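# Report on the structure
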Amino acid sequence: MIFERILILGCGLIGSSLAASARDCGLAKEIVGVDNKYKLMRERNPFFDEISGSLKSFEEADLCVIAIPIEGVPAVVKELANNQGQSNYDLITDVASSKKSLIEVLDELKQDSKRAFLSKFISSHPLAGSEQGGWENASTNLFDRTICLLSTFGMTSVSDDNSTEDEEISPPRQKVARLERFWQGVGCRVEHFPLQEHDQLLSVISHFPHLLAFSVGAFMSSSDYENISKTIHGTGFKDFTRISAAPPGLWTDILLENREYILLNSEQWLESYKEFICALEKGDKERLVALISQSSIWRNGLRKFKPPL
């Protein structure tokens, strides 16, 4: 057991799956949640010991996880930072898939509140999810064999070899180690990555690929084979379009939040796409083989998951 009490703000797919996994792995004595839909979840969501509609219901916790939609993160961070005298959370993390608004609100905090908050805050992003949202689809194994990115606000760019971590606004190393053990406990491999570069990385490995999948889904839905393609298709088609079924509201917020980097990726991708189209138009087999080989070599080079030590 790592924690006496875990408080999870937001009891949707990620929050409830995290509660389910932590309970299943024996990582906490008590797991409580806060959600504005708590009345609908009472006695139906089995993963929490108690669910409330107010943060004031739970003023103490060893770990507080912010697992609400992106648009609500700034307000919650402000509330947590400004009410540290009323609440006692030893360790705070978030699981947002985009960090732009988080960084902005941290920069806006008053210096004293900022220093106190950042002494216990470590940003997390488990690279896990499902095209089926909501707590009803929560799973004890959602985080199995996945990667979780950890970032402290003072962590410097991976490209700056001469820089050091700002100890004044970073949590003690034992807190970082404790959070590492927690994520490893639910099945993740932990990787550290600078908070300031998070969104640029995620635009490449997650957000832009989702945009492509959504565009293919929209194309298929308006094609002449809209209906027949739902019953006649191969596994490749099913695998490629799987994430196009992701929750629209959630992904609209993510795409808009990180649109700057996504649009840059779109411009670069268009140049690559045009190369394929040009080779097709010219019937250039040699060029097509070269382009497909480049893609195939990259895909076959993806590292296999290594379980945490």
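Here, every reference points to the structure presented above.
Residues numbered from 1 in each chain as written. Predicted model: local features only at pLDDT ≥ 70, side-chain atom pairs only at ≥ 80, totals over all residues. Heavy atoms only, no water.

Taken together, the side chains of Leu127, Val204 and Ile205 present a nonpolar region at the surface, about 230 Å² in accessible area. Among the structural elements, Ile205 can be located in helix α7 (residues 198-221). (Patch = residues over 30% accessible without salt bridge, like charges linked within 9 Å, V, L, I, M, F, W, Y side chains within 5 Å. Areas by Shrake-Rupley, 256 points an atom, 1.4 Å probe, with all protein chains shown as cover. Salt bridge = Lys/Arg side-chain N within 4 Å of Asp/Glu carboxyl O. Helix = DSSP H or I, 4+ residues; strand = E, 2+ residues; numbered from the N terminus.)

Next up on the list: empty space enclosed by the protein. Going through the model one piece at a time under the given rule, you end up with 1 cavity of 30 Å³ or more. Around the largest cavity, the lining residues are Leu80, Gln84, Ser87, Asn88, Tyr89, Ile92 and Lys120. Residue composition of the lining of the largest cavity, by class: 3 nonpolar, 3 polar and 1 charged. (1 Å grid on protein atoms, 1.4 Å probe; cavity = no way out; pocket = protein on both sides within 12 Å on 5 of 7 lines; lining within 4 Å. Points joined across faces, edges and corners; volume = space filled by probe spheres on them. Nonpolar A, V, L, I, M, F, W, Y, C, P; charged D, E, K, R; others polar.)

On to helix α10 (residues 259-282). In this model α10 runs 34 Å from its N-terminal to its C-terminal C-alpha over 24 residues, within 8% of the 34 Å that 1.5 Å per residue would give. What α10 keeps buried is the set Ile262, Asn265, Ser266 and Ala279. Contact partners of the buried residues in α10: α7, α9 (248-257) and α11 (285-300). (Expected span 1.5 Å × (residues − 1). Buried < 20%, exposed > 50% of the residue type's maximum accessible area, 1.4 Å probe, protein only. Contact = heavy atoms within 4.5 Å.)

Let us now look at the sheet that holds strand β6 (residues 123-126). Spatial ordering of the open sheet is given by β6-β7-β8, a layout of 3 strands whose pairing is mixed. In the strand order of this sheet, the two ends are held by β6 and β8 (188-192), each with one partner. Shown here is a sheet whose adjacent strand axes are inclined to one another by a mean of 25°, direction ignored. Here β6 pairs with strand β7 (residues 146-151) via 4 bridges, running antiparallel. Counterpart to Ser123 in the pairing with β7 is Ser151. Here helix α6 (residues 173-185) sits on the sheet and contacts β6, β7 and β8; the angle it forms with β8, its principal contact strand, is near 145°. (Pairing = 2+ DSSP bridges. Axes fitted to C-alpha atoms, helices over the stretch in contact; angles between N-to-C directions.)

What follows is about the layout of surface pockets. Looking at the second largest pocket, its volume works out to about 310 Å³. Around the second largest pocket, the lining comprises 14 residues; the ones closest to its centre are Met220, Lys230, Phe237, Thr241 and Ser244. Counting only elements with at least two residues in the lining of the second largest pocket, the list comes to α7 and α8 (235-241). With 4 residues, the single largest contributor to the lining of the second largest pocket is α7. In the lining of the second largest pocket, the residues fall into 4 nonpolar, 6 polar and 4 charged.

This paragraph deals with the nonpolar core. Ile6, Ile8, Phe182 and Trp183 are the most contacted members of the largest nonpolar core, which has 37 residues in total. For this core, the leading source of residues is helix α1 (residues 13-24), giving 5 residues. Core analysis: the next-biggest nonpolar cluster, separate from the first, contains 26 residues, Leu55, Ile92, Val105 and Leu106 among them. (Core = buried A, V, L, I, M, F, W, Y, C linked by side-chain atoms within 4.5 Å.)

The subject of this paragraph is the environment of Pro247. Mapping Pro247 onto the fold places it in the loop between α8 and α9. Expressed as a C-alpha distance, the spacing of Pro247 and Ala81, which sit 166 residues apart in the sequence, is 30 Å. With sequence-adjacent residues up to four places away left out, Pro247 is seen in contact with Ser130, Glu131 and Gly133.

Another point: the pattern of salt bridges. Pairing between side chains of opposite charge can happen when their charged atoms approach one another. Summed over all chains, the structure comprises 10 salt bridges. Asp94 is the partner of Lys99 in a salt bridge, and the nearest nitrogen-oxygen pair spans 2.7 Å. With relative accessibility at 1%, the residue Lys99 sits in the buried group. A residue is classified by how much of its surface remains accessible, and Asp94, at 1% relative accessible area, is buried. It is possible to trace a salt-bridge network through shared partners that takes in Asp90, Lys175 and Arg178.

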